[in-house]
Amino acid sequence: MRYAVLADIHSNLAAFERVLEHAQAQGGFDAIWCLGDIVGYGPDPQPCIDLLRQHPHVCVAGNHDWAAIGKLSTHDFNADARAAALWTGPQLSSEGRAYLDALPERLEQADITLVHGSPRWPIWEYLLTVHDAEDSFEHFAGRCCLVGHSHVPLAFVKPQGQNTSVNRLPAELPLAGDARFILNPGGVGQPRDGDPRASYALYDERERVFRHFRVPYEVAVTQRRMIEAGLPRRLVERLAQGW
Ligand code: ZN
């Protein structure tokens, strides 16, 4: 089986569509592993849910998915994120709301764990440092945990008996040797590593290899839709710079 590993789509339909086309051009995929935050920030929440549901997939809940339907307080959101969450709710169909409401916090796919933030605190915790990751390795049992939430493509690698290291997610990463991994494919709909191109990974289960890709998309199309929707200006601008 081959999986498209997608995190933080964030209602960015143009980015989501280009990523799926790119994945098809790489030989395609059997299913999508979605790491949460389908909605929030961007202009097309319901179409993104609909597009995801057109494919075989599994998905875990992100903080924005639950904030949009009022299942989670926006108390810890900054003003722009809160404004976008409040805008998103009424854009959703009743099926869309029910779909987000039913998302699990954590999924196990063979020896790979899927969460949005971290295996310790699946909804909220950001994994950016070796210290964060060190603690997280104790909160899943298998070989690899896939995370999103930070929108930064990272690979935390913990070889047996050695210290954990963190690096940018490489173009190709085999799950080799006795190491354990926490991997973030980066954000589809709002990359935050200074590169505005959409970020995602393909996982080949037979080869046990992750491949990381960057995909250009029509940023201006998404920005125009956001302006039409009246979404906060800062959220519009950041897409062009990738932060
Ligand atoms: Zn996010």
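If you're wondering where the values come from, they're calculated on a predicted model, not measured in any experiment.

Visitor: I'd like a description of the overall build of the protein chain, backed by residues and values.
Guide: Helix and strand counts for the protein chain stand at eight helices and 12 strands. The C-alpha atoms of the protein chain give a radius of gyration of 17 Å, which matches the 18 Å a tight globule of 243 residues would have. Considered along the principal axes of its C-alpha atoms, the protein chain spans approximately 50 × 40 × 35 Å. Split into buried and exposed, the 243 residues of the protein chain put 58% on the buried side. The long-range share in the protein chain, meaning contacts at least 24 apart out of those at least 6 apart in sequence, stands at 71%. When the accessible surface of the protein chain is split by element, carbon and sulfur atoms take 51% of a total near 9800 Å². For the protein chain, the distance from the average site of its 23 positive side-chain charges to the average site of its 30 negative ones is 2 Å.

Visitor: Break down the environment of Ala4 for me, with residues and values.
Guide: If you trace the backbone, Ala4 turns up in strand S1 (residues 2-6). Residues Ala4 and Leu20 lie 16 residues apart in sequence; the distance between their C-alpha atoms is 8.2 Å. Excluding anything up to four places from it in sequence, Ala4 contacts Phe29, Ala31, Ile32, Trp33, Ala201 and Leu202.

Visitor: Tell me what's going on with helix H5 (residues 94-101), and back it up with residues and numbers.
Guide: Turning to H5, its buried residues number three or more, namely Gly96, Tyr99 and Leu100. For H5, the angular spread of buried residues about the axis comes to 95°, placing them on one side. Exposed side chains of H5 directed beyond 90 degrees from the buried face belong to Ser94 and Glu95. Here the buried face of H5 lies against helix H2 (45-53), strand S3 (57-59) and helix H3 (63-68).

Visitor: Before we move on, could you go through the pairing of strand S11 (residues 198-204) and cite the residues and values that matter?
Guide: Where burial is concerned, most of S11 is hidden: seven out of the seven residues are buried. With burial as the criterion, each face of S11 is covered, one bearing Ala198, Tyr200, Leu202 and Asp204 and the other bearing Ser199, Ala201 and Tyr203. Two strands pair when backbone bridges link them, and S11 and strand S12 (residues 209-215) are joined in this way by seven bridges, in the antiparallel orientation. Bridging from a neighbouring strand, Tyr203 pairs with Phe210 of S12. Hairpin remark: S11 followed by S12, antiparallel, with four residues in the connecting loop; positive phi at Arg208, about 55°.

Visitor: Describe the coordination of the zinc ion, listing the residues and the values that go with them.
Guide: Around the zinc ion, the protein contributes the donor atoms Asp8 (OD), His10 (NE2), Asp37 (OD) and His151 (NE2), at 2.1 to 2.4 Å from the metal centre. Counting gaps between the donor residues of the zinc ion yields the pattern D-x1-H-x26-D-x113-H. With respect to class, Asp8 is no different from His10; both count as buried.

Visitor: Run through the sheet that holds strand S5 (residues 112-115), naming residues and quoting values.
Guide: Strands pair in a sheet through their backbones, by hydrogen bonds, and they do so in one of two ways: parallel or antiparallel. The sheet built from six strands is open, its strands ordered S4-S5-S6-S10-S7-S8 with mixed pairing. Single-partner strands in this sheet number two, and they are strand S4 (106-109) and strand S8 (165-168). Here the strands of the sheet are splayed against their neighbours by 20° on average, with no regard to which way each runs. In terms of strand pairing, S5 meets strand S6 (residues 144-146) through three bridges, oriented parallel.

Visitor: Describe H2, with residues and values.
Guide: Those residues of H2 not exposed but buried are Pro45, Gln46, Cys48, Ile49, Leu51 and Leu52. Contact partners of the buried residues in H2: helix H1 (13-25), strand S2 (31-34), S3, helix H4 (79-88) and H5.

Here is what the cut-offs are and how they apply
Residues numbered from 1 in each chain as written. Predicted model: local features only at pLDDT ≥ 70, side-chain atom pairs only at ≥ 80, totals over all residues. Heavy atoms only, no water. Helix = DSSP H or I, 4+ residues; strand = E, 2+ residues; numbered from the N terminus. Rg over C-alpha atoms; globule rule 2.2 N^0.38 Å. Buried < 20%, exposed > 50% of the residue type's maximum accessible area, 1.4 Å probe, protein only. Contact = heavy atoms within 4.5 Å. Areas by Shrake-Rupley, 256 points an atom, 1.4 Å probe, with all protein chains shown as cover. Lys, Arg positive; Asp, Glu negative; His and termini not counted. Charge placed at Lys NZ, Arg CZ, Asp CG, Glu CD. Arc of directions from axis to C-beta. Pairing = 2+ DSSP bridges. Donors = N, O, S within 2.8 Å, 3.2 Å for Na, K, Ca; no water. Axes fitted to C-alpha atoms, helices over the stretch in contact; angles between N-to-C directions.

So far we have only geometry, and geometry alone does not tell us how the molecule works.
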